[in-house]
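# Fold and geometry: a report
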Amino acid sequence: MAQALGEDLLQPGELQDDSSSLGSDSELSGPGPYRQADRYGFIGGSSAEPGAGHPPADLIRQREMKWVEMTSHWEKTMSRRYKKALAEAPGEPQWMETIGRDLHRQFPLHEMFVSPQGHGQQGLLQVLKAYTLYRPEQGYCQAQGPVAAVLLMHLPPEEAFWCLVQICEIYLPGYYGPHMEAVRLDAEVFMALLRRLLPRVHKHLQQVGVGPLLYLPEWFLCLFARSLPFPTVLRVWDAFLSEGVKVLFRVGLMLVRLALGTTEQRLACPGLLETLGALRAIPPAQLQEEVFMPQVHSVALSEQDLQREIKAQLAQLPASSSGPPPKPQARLPGAQAIFEAQQLAGTQGGTRPEVPRIVVQPPEEARPPRRKPQTRGKTFHGLLTRSRGPPIESPARSHRASTSLDTRF
């Protein structure tokens, strides 16, 4: 596929298989003998050496040494800036037990999460526990585990926690609550888009009884962290955080097309199990970022197209549905809309919802007596109190459709 979503598979080039960096469902239960970690931290991965377009080796080595120094003195590093009230508060026993059982399942071959007592699993425990304290009415959803783990690979625990809050409440509200009402709505929207963009695939899925709730929640709830090679996951996340949920729909549509886009592929999947297997067994070479992401960006689905379909499906939801009705208007389409909503709330003097106060206080350090005051290089250590929370909800910024829905095949 070059420009629009179609039925014929694009023949991938000869690319290196990076399946060892797949998510936790494709990993082994634990590491074997020591093997070299790749550039993303996965033990035994095949991306240890940078290729064209990657940072030079000396820069990568400099960054590695910085992380080695930090992780070698992790308690001291974290105590300087991230002493949090939410992290110190006791968690609800039912959530703590469930979270504890899931910790080892998140990227077990990543060097951060290999050891139960390591900073990776312990940081993940703190972030997930903090969310249950922050939103006790929602509690813990298992799909938050891989999302928080990816955040912790790139951010310290406090910042990872606030990013998780933004994803759960601004990017994907209604996804991780007890009723998952937004997931059910988006499943209907996804099938409607399949019917318009890939009618033959849609017909096959209906014939074999494969509904979207059999495969879509793992994709969308985990932001594809368990379904794609890790370099591609990072690219998908970049696009998702920038452009919003329509990126998840584009990726999902492309995965369905790669798995079932040709007549031969559909004939090889006569039943439910074979079809689900095909959706979960797309060759990794076709999912490499260099080939996969240009195809994702070429899917003819704009923000206006998505909102139009959401409105149509929302009107068809039965009134007797259990749980609260979905509120898609609370979902902002990407970083630009979120920034503008925050600016608008500030200019209008809007009040932010109450959030727990997080106190960041550096530990006191014993200093030797000095004969005379030193002013050169002096730093100030004080009490920093920060109160943060999700921005006030605002109507989404209207976007001009970049491309109309392409229903021609």
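Small disclaimer: the values here were computed from a predicted structure and weren't measured. Residue positions are given per chain, counted from 1 along the sequence in the order it is written. Under the rules for a predicted model, residues below a pLDDT of 70 receive no local features and side-chain atom pairs below 80 are neither given nor counted, while totals for whole chains, interfaces and linings still include all residues. Each side-chain value is worked out from all heavy atoms of the structure, with water and hydrogens disregarded.

This part takes up the overall build of the protein. What counts as a helix is a DSSP run of H or I of at least four residues, what counts as a strand is a run of E of at least two, and both are numbered from the N terminus. Helix and strand content of the protein: 17 helices and two strands. Any residue under 20% of the maximum accessible area for its type is buried, any over 50% is exposed, and the rest in between are partly exposed; the area is computed with a 1.4 Å probe on protein chains only. Each of the 409 residues in the protein was classed as buried or not, and the buried ones make up 48%. The contact rule is simple, with two residues in contact once any of their heavy atoms fall within 4.5 Å. Within the protein, counting contacts between residues at least 6 apart in sequence, those at least 24 apart form 78% of the total. Residue burial considers only the protein chains on display, and all accessible areas are found by Shrake-Rupley using a 1.4 Å probe. Looking at the protein as shown, the accessible area adds up to about 21,700 Å², and 53% of this sits on carbon and sulfur atoms.

Like charges are joined within 9 Å and nonpolar side chains (Val, Leu, Ile, Met, Phe, Trp, Tyr) within 5 Å, but only among residues with over 30% relative accessible area and no salt bridge; these make up the patches. Salt-bridge detection follows one rule: a side-chain nitrogen of Lys or Arg within 4 Å of a carboxyl oxygen of Asp or Glu. A surface patch of nonpolar side chains, about 280 Å² in accessible area, is lined by Leu214, Leu272 and Leu273. Along the chain, Leu273 falls in helix α14 (residues 272-280). The class of Leu273 is exposed, set by a relative accessible area of 68%.

Turning next to the packing of helix α8 (residues 181-197) against helix α16 (residues 303-316). Here the axes come from fitting lines to C-alpha atoms, over the contacting stretch only for helices, and the angles between their N-to-C directions go from 0 to 180 degrees. As a packed pair, α8 and α16 sit with axes 9 Å apart at the nearest point and diverge in direction by 115°. As α8 packs across α16, the resulting crossing turns out to be right-handed. Contact residues: Leu185, Glu188, Val189, Ala192, Leu193, Arg195 and Arg196 in α8; Leu306, Glu309, Ile310, Gln313 and Leu314 in α16. Think of it as three bins: nonpolar holds Ala, Val, Leu, Ile, Met, Phe, Trp, Tyr, Cys and Pro, charged holds Asp, Glu, Lys and Arg, and polar takes everything else, Gly as well. Looking at side-chain class alone, the contact of α8 with α16 contains seven nonpolar, one polar and four charged residues. Should the near helix be turned anticlockwise from the far one by less than a right angle, the crossing is left-handed, and should it be turned clockwise, the crossing is right-handed.

Let us now look at the nonpolar core. The term nonpolar core refers to a set of buried residues drawn from Ala, Val, Leu, Ile, Met, Phe, Trp, Tyr and Cys, joined through side-chain atoms within 4.5 Å. Ranked by internal contacts, the top residues of the largest apolar core, which has 97 residues, are Leu172, Tyr176, Tyr215 and Phe292. What Leu172 contacts, discounting residues up to four positions off in sequence, is Ile167, Phe220, Leu223, Phe240, Val245, Leu248 and Arg331.

What follows concerns the side chain of Asp186. Mapped onto the elements of the fold, Asp186 is located in helix α8. In this view, Asp186 contacts Tyr175, Leu216, Val245, Phe249 and Arg331; residues no more than four positions away in its chain are not counted.

Here the focus is the environment of Leu306. Relative to the helices and strands, Leu306 is located in helix α16. Leu306 sits 60 residues away from Lys246 along the chain, and the two C-alpha atoms are 6.9 Å apart. Leaving out residues up to four positions away in the same chain, Leu306 has contacts with Val189, Leu193, Val245, Lys246, Phe249 and Leu301.

Attention now goes to the pattern of salt bridges. One pass over the structure, following the stated rule, counts 10 salt bridges. Taking the shortest distance from any N to any O, the salt bridge between Asp102 and Arg105 comes out at 2.9 Å. Given a relative accessible area of 41%, Arg105 falls into the partly exposed group. Salt-bridge contacts for Arg135 lead to Glu169; the nearest nitrogen and oxygen are separated by 2.7 Å. Taken together, the residues Arg135 in the loop between α5 (119-134) and α6 (144-152) and Glu169 in helix α7 (residues 157-171) connect sequence positions 34 residues apart. The two residues Arg135 and Glu169 agree in class, both being buried. A single network of salt bridges, built from pairs that share partners, joins Glu243, Lys246, Arg250 and Glu303.

Turning next to the confidence of the model for the protein. The quantity called pLDDT is the predictor's confidence in a given residue, expressed from 0 to 100. Taken residue by residue, the protein gives an average pLDDT of 75. The fraction at 70 or more is 67%. Low pLDDT, under 50, characterises residues 1-33; the predicted model gives this stretch 93 contacts beyond four residues in sequence or across chains. With pLDDT under 50 throughout, residues 373-409 is counted as low confidence; its partners more than four residues away or in other chains account for 81 contacts.

At a closest axis distance of 10 Å, the pairing of α5 and α6 adopts a crossing angle of 120°. In terms of orientation, α5 lies oblique with respect to α6. Considering how the two elements wind past one another, α5 and α6 form a crossing that is right-handed. The segment α5 lies against α6, with Gly120, Gly123, Leu124, Val127, Leu128 and Tyr131 engaging Gln144, Gly145, Ala148, Ala149 and Leu152. Of the residues contributing to the contact of α5 with α6, the split by class is seven nonpolar, four polar and no charged. The labels follow the angle: roughly parallel below 35 degrees, roughly antiparallel above 145, roughly perpendicular from 65 to 115, and oblique for the rest.

The next point concerns unusual backbone geometry. The backbone of Phe107 sits at a positive phi, close to 50°, despite the residue not being glycine. You can see Phe107 is positioned in the loop between α4 (93-102) and α5. A positive phi angle, near 55°, is found at Leu223, a position not held by glycine.

A word on α5. Note on helix geometry: an α-helix contains 3.6 residues per turn, so any two residues three or four positions apart are oriented the same way. To estimate how far a helix should extend, the number of its residues minus one is multiplied by 1.5 Å. Counted at 1.5 Å a residue, the expected span for α5 with its 16 residues is 22 Å, and the 22 Å between its end C-alpha atoms agrees. Taken across its 16 residues, α5 has 12 buried, putting it largely inside the fold.

Right, let's talk about the packing of aromatic side chains for a bit. Stacked, tilted and edge-to-face are the three classes applied to pairs of Phe, Tyr and Trp rings, where Trp contributes its six-membered ring and a pair requires centres within 6.5 Å; stacked means planes under 30 degrees apart, edge-to-face means over 60, and tilted covers the rest. All told, the structure shown has 14 aromatic pairs when counted by the stated rule. With a centroid separation of 6.2 Å and 85° between ring planes, the pair formed by Phe190 and Phe220 is classed as edge-to-face. With Phe190 in helix α8 and Phe220 in helix α10 (residues 216-221), this pair connects stretches of sequence that are 30 residues apart. The pair formed by Phe190 and Phe220 is uniform in burial state, with each residue classed as buried. Aromatic rings pair up to connect Phe190, Tyr215, Trp219, Phe220, Phe224 and Phe249 into one cluster. Criterion for a charge above a ring: Arg CZ or Lys NZ at most 6 Å from the ring centre, at most 35 degrees from the ring normal. Lying over the aromatic face of Tyr134, Arg135 brings its terminal NZ or CZ to 4.3 Å of the ring centre.

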